[in-house]
Amino acid sequence: MSDASLPAIAPVVRAYGLGRLWRRHPTLLIGGAVIAVMVLLAAAAPLFAGNPMAMDPMHRLLAPSALHWFGTDTLGRDVFARTVFGARVSLFIGLSVAFGAIAGGLVIGLFCGFYPRVDAVVMRLMDGLMAIPSILLAIALVSLWQGGIPVVIFAILIPELPRDVRLVRSIVLGVRERPYVEAAIAGGARTGKVLRRHILPSTIAPLTVQGTYVCASAILVEAGLSFLGAGIPPSIPTWGNMIAGSQLYLALAPWTIFCPGIALAVLVLAVNLFGDGLRDLLDPRLSRQQ
Amino acid sequence: MGAYLARRLLATLVVMAVVGVIVFLLLHLAPGSPAAIIAGDNATPAQIDMINHELGLDRPLPVQFVLWAWSVLRGHFGTSIFSGAPVMELVLERLPATISLSLVTIAFAATTAVIAGVFAAWRAGGVLDRTLMAVAALGFSVPVFVVGYLLIYLFAITLHWLPVQGYQPLSRGLWPWLSHLLLPALALGLAYLALIARITRASVLEVLAEDYIRTARAKGASSLSQLFHHALRNAGVPIATVIGIGVALLISGVVLTETVFNIPGIGRLTVDAITNRDYPIIQGVMVIFSGAYVVINLLVDLSYTLIDPRIRR
């Protein structure tokens, strides 16, 4: 399909060929491809990456070589194996927080948009949560609750929540004035049905985009928390833990810091690019400008 | 103007009250009694009982909240479990380093971002624009601590241009102070710069399409005057807003940056408190940083009236 054959007003939903998608939304494909590779490597880690825990004190702080692609750390552990296994934790936390925050934001936001009394109270609570710097709130939650991955997910999710609630709420407030929603209410549809059938669909596209940004931010916060010693227990190889454990060896063995650091940056960049691409694809206003 | 001011002040007080309730409840909703948390891991039951009584933890929760809020308002955040010193004293001791780092960062990042953003909007789609947007995408994705170690490795370990870590107070001279802050401010400022540059570019781009810019051009105003006098001023409100909102980003970054660069500020105080489970410090720092964030945003809101006279009504 050539561009000349397009109708003057482009319909919102179109069938995309891969070639056209590449021309119009390169970031979506690049980001998606990098994410796909990382997910595959992480999933297949036990098959090829080697043992991330095996210590070898005779071969500590070795530079990258054919045997140890990313070198070894201060305990002689293989940095490549640890980086690949670290991806599993980052991806798991990123996805869990994204789904949790979107689900929570959706439920709370729908209620807020429809019940002004709930709205007044909940939005003040959200304003308060937003005023507390996210990493401090997460540190407080982790240091009070103590514990492994579930607590870290919860601690990252709570500070993320207000933005998602606000997003859903603003969509609901905009949509509920539309004639089709008023017609449904006038026609006697129950509130639950109005929310599910008439309002929920409008939130799906913006929430999908928001979800990718939450995922990227969660991966960054988890790495930050682990780096500070307030995240995943140090025995588990995560990118933040690896960097924290190698702090003293920056001059001697920079690969112990930069290998997990670059992996982290590449993953977060890919997720952000994917989100930008998704936004352009799903937001007809923006994509028409291109 | 008076009504606007009163409304904004009231909203700020409400937000701070909610912050207080959240911070207070965090400790009381956590598993294990607050006294056990405050007493630390090695406390005996008798010590815990004593703390319960001393701090009024045996009273009803609302009463406790009022008492706690009252002492916080007077600047008493309790005492550190680890050192026994008042939290406020510890915070004040560390304040100069954190304020130095924040001010250098804001000054460097905001000026660079606004100037770069304006020029990117002026030549939208050009080389500068594309470079800036690429840097912005990186700024959002590369974590502060990775940038920090990269800068240390390049400029301190390899090139020996700047000190590796640490902090020197301003009283030791301008250069020792500044040279220890340059790399941390660069690392910390990258995400902040990305945020401000993006918003500046978008707002200026929008304003440049307005009729009065065309009028200014028709009158023969120079490009620079068009950009900075006509366009930037009218794009000022969203830019000021994002500078204020971005402070939240900055505060989270301060905690990480101070750890990477070994700067004895409030961020390091917090990180040391994690290791010692020194909850009163974490609680105090949360209230103080949230307060700073809220006050900065109040000031930003008030600055709108200077930028845009239409809001003055």
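Residues numbered from 1 in each chain as written. Chains lettered and ligands numbered in written order. Predicted model: local features only at pLDDT ≥ 70, side-chain atom pairs only at ≥ 80, totals over all residues.

K.L.:
Break down the overall build of chain B for me, with residues and values.
P.N.:
Each helix and strand counted, chain B has 13 helices and 0 strands in total. When its helices and strands are written in sequence order, chain B yields α-α-α-α-α-α-α-α-α-α-α-α-α. Across its three principal directions, the C-alpha atoms of chain B cover 80 × 55 × 35 Å. Across the 313 residues in chain B, those meeting the buried criterion constitute 40%. In chain B, once contacts between residues fewer than 6 apart in sequence are set aside, the share between residues at least 24 apart is 71%. (Helix = DSSP H or I, 4+ residues; strand = E, 2+ residues; numbered from the N terminus. Buried ≥ 20, exposed ≤ 12 C-beta atoms within 10 Å, placed from the backbone. Contact = placed C-beta atoms within 7 Å.)

K.L.:
Quick rundown of the overall build of chain A? Include the residues and the values.
P.N.:
The helix and strand tally for chain A stands at 12 helices and 0 strands. Listing each helix as α and each strand as β along chain A from the N terminus yields α-α-α-α-α-α-α-α-α-α-α-α. Seen along its three principal axes, the alpha-carbon backbone of chain A occupies a region of about 75 × 55 × 30 Å. Across chain A, the fraction of contacts at a sequence separation of at least 24, relative to all contacts at a separation of at least 6, is 69%.

K.L.:
Any chance you could break down the interface of chain A and chain B for me, citing the residues and the numbers?
P.N.:
Chain A puts 34 residues into the contact, and the matching count from chain B is 41 residues. Broken down by secondary-structure element, the contributors of at least two residues to the side of chain A that touches chain B are α5 (116–131), α6 (134–145), α9 (191–228) and α11 (255–282) of chain A. Tallied by class, residues from the side of chain A that touches chain B come to 25 nonpolar, 7 polar and 2 charged. (Nonpolar A, V, L, I, M, F, W, Y, C, P; charged D, E, K, R; others polar.)

K.L.:
Account for the confidence of the model for chain A, with residues named and values stated.
P.N.:
Residue and element names in this part refer to chain A. Per-residue confidence for chain A averages 85 on the pLDDT scale, and 92% of its residues sit at or above 70. Across chain A, the element-wise mean pLDDT spans from 48 in helix α12 (residues 284–289) up to 92 in helix α4 (residues 79–114). Predicted confidence is poor over residues 1–8, with pLDDT under 50, and the contacts of this stretch with residues over four places away or in other chains come to 0 contacts. (pLDDT = per-residue confidence, 0-100.)

K.L.:
Hey, could you go over unusual backbone geometry for me, with residue numbers and the actual values?
P.N.:
Residue and element names in this part refer to chain B. The phi angle at His160 is positive, at roughly 60°, despite the residue not being glycine. Along the chain, His160 turns up in the loop between α7 (144–158) and α8 (174–208). Among the residues examined, His160 registers 9 C-beta atoms within 10 Å and is labelled exposed. One non-glycine residue with positive phi stands out, namely Asn262, at about 55°. According to the C-beta neighbour criterion, Asn262 is partly exposed, with 14 such atoms within 10 Å.

K.L.:
If you had to explain the environment of Pro238(B) to someone new, which residues and values would you point to?
P.N.:
Relative to the helices and strands, Pro238(B) is located in helix α11 (residues 236–260). Not counting the four nearest positions on each side in its chain, Pro238(B) is found in contact with Ile199(B) and Ser203(B).

K.L.:
Report on helix α5 (residues 87–122) of chain B, specifying residues and quantitative values.
P.N.:
For α5(B), which comprises 36 residues, the first-to-last C-alpha distance of 49 Å matches the rise-based estimate of 52 Å (1.5 Å per residue) to within 8%. The sharpest bend along α5(B) measures roughly 45° and falls at Leu95(B), with the proline Pro96(B) sitting one to four residues further on. (Expected span 1.5 Å × (residues − 1). Bend = angle between axes of the 7 residues up to and from the residue.)

K.L.:
Can you break down the packing of α5(B) against helix α12 (residues 266–276) of chain B residue by residue, with the values?
P.N.:
Residues and elements named next belong to chain B. Two numbers describe how α5 lies on α12: the axes approach to 7 Å, and their chain directions differ by 130°. Here α5 lies oblique to α12, going by the angle between them. Listed contacts from α12 to Leu90, Val91, Arg94, Leu95 and Thr98 of α5 are Ile266, Gly267 and Leu269. Tallied by class, the residues present in the contact of α5 with α12 amount to 5 nonpolar, 2 polar and 1 charged. (Axes fitted to C-alpha atoms, helices over the stretch in contact; angles between N-to-C directions. Parallel < 35°, antiparallel > 145°, perpendicular 65-115°, else oblique.)

K.L.:
Could you give me a rundown of the nonpolar core, with the residues and numbers involved?
P.N.:
In terms of nonpolar packing, the biggest core is built from 168 residues, with Val97(A), Ala138(A), Ile156(A) and Ile196(B) touching the most fellow members. Sorting elements by how many residues they give to this core places α8(B) first, with 18 residues. In this structure, Ile156(A) is in contact with Ile93(A), Val97(A), Ala138(A), Ala218(A), Val221(A) and Glu222(A), ignoring residues within four places of it in sequence. (Core = buried A, V, L, I, M, F, W, Y, C linked by C-beta atoms within 7 Å.)

K.L.:
Before we move on, could you go through the confidence of the model for chain B and cite the residues and values that matter?
P.N.:
Residues and elements named next belong to chain B. Mean pLDDT for chain B: 86, with 98% of residues reaching 70 or above. Between the elements of chain B, mean pLDDT differs from a low of 73, seen in helix α2 (residues 34–39), to a high of 92, seen in α5. Interface confidence in the predicted complex, given as ipTM, is 0.86; pTM for the same model is 0.88.

K.L.:
How would you sum up the packing of α4(A) against α9(A)? Please name residues and give values.
P.N.:
All names here are of chain A. It is at 7 Å that the axes of α4 and α9 come closest, and there the two elements cross at 145°. Both α4 and α9 take part in a crossing whose hand is right-handed. Here the residues of the contact of α4 with α9 sort into 17 nonpolar, 6 polar and 1 charged. (Left-handed = near helix turned anticlockwise from the far one by under 90°.)

K.L.:
A description of α12(B) should follow, citing residues and the corresponding values.
P.N.:
Every buried residue belonging to α12(B) is among Ile266(B), Gly267(B), Arg268(B), Leu269(B), Thr270(B), Ala273(B) and Ile274(B), and all of these are buried. Where α12(B) is buried, its residues touch α6 and α9 of chain A together with α5, α11 and α13 (279–307) of chain B.

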